[in-house]
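Structural characterization, general
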Amino acid sequence: QVQLVESGGGLVQAGGSLRLSCAASGRAFSINTMGWYRQPPGKQRELVAAMTSGGSTNYADSVKGRFTISRDNAKDTVYLQMNSLKPDDTAVYYCNADVRPSGRSVTYNYWGQGTQVTVSS
């Protein structure tokens, strides 16, 4: 079993910055893709950014140029640096990871508990 623990959310004014962190913990595993999703009030969850273990990235068009995803593979941690925040970025942000238990070929998808990001105008 793997747990994803997020931190770094909060309230910020438009134009400000926040940095989210997500650390994975558990026994004997490796992580393929790690990423961030968000769910604005009354809307569906959507991909924000993702990064493979090899460093390839994928961003939602709405955050390109403002958000940066990074990983520390040694710490099984993924970060999301969010700059030039807008009120439309207000959402619950969820960490997501594709995890492969050691010695097995299957992968499992895990979610964090979510962290609230609120951007005031």
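Our subject in this report is the structure included herewith. (Residues numbered from 1 in each chain as written. Predicted model: local features only at pLDDT ≥ 70, side-chain atom pairs only at ≥ 80, totals over all residues. Heavy atoms only, no water.)

Attention now moves to the pairing of strand 5 (residues 46-51). With 5 bridges connecting them, strand 4 (residues 29-39) and strand 5 associate as antiparallel partners. Residue pairing for strand 5: Trp-36 is matched across the bridge by Ala-49. Two successive antiparallel strands, strand 4 and strand 5, enclose a turn made up of 6 residues, where Gly-42 displays a positive phi of approximately 75°. Taken together, the 3 bridges between strand 5 and strand 6 (residues 57-59) define a ladder with antiparallel strand orientation. Residue pairing in the sheet places Ala-50 in a bridge with Asn-58 of strand 6. Linking strand 5 to strand 6, which pair antiparallel, is a turn of 5 residues; within it Gly-55 sits at a positive phi near 105°. (Pairing = 2+ DSSP bridges. Helix = DSSP H or I, 4+ residues; strand = E, 2+ residues; numbered from the N terminus.)

A few words now on the environment of Gln-44. In this structure, Gln-44 sits in the loop between strand 4 and strand 5. Put simply, Gln-44 and Val-106 are 62 residues apart on the chain and 28 Å apart in space, counted from C-alpha to C-alpha. If near-sequence neighbours (up to four positions away) are discounted, Gln-44 is found in contact with Arg-38 and Gln-39. (Contact = heavy atoms within 4.5 Å.)

Moving on, we get to the nonpolar core. Counting residues in each nonpolar core, the largest one holds 31 residues, and the members touching the most others are Trp-36, Leu-80, Met-82 and Tyr-93. At the level of secondary structure, the elements contributing two or more residues to this core comprise strand 1 (2-7), strand 3 (18-26), strand 4, strand 5, strand 7 (67-72), strand 8 (77-82), strand 9 (91-101) and strand 11 (115-120). If you tally residues by element for this core, the top one is strand 9, at 5 residues. Leave out the neighbours within four places in its chain, and Met-82 touches Gly-16, Ser-17, Leu-18, Leu-20, Arg-66, Phe-67, Tyr-93 and Val-117. (Core = buried A, V, L, I, M, F, W, Y, C linked by side-chain atoms within 4.5 Å. Buried < 20%, exposed > 50% of the residue type's maximum accessible area, 1.4 Å probe, protein only.)

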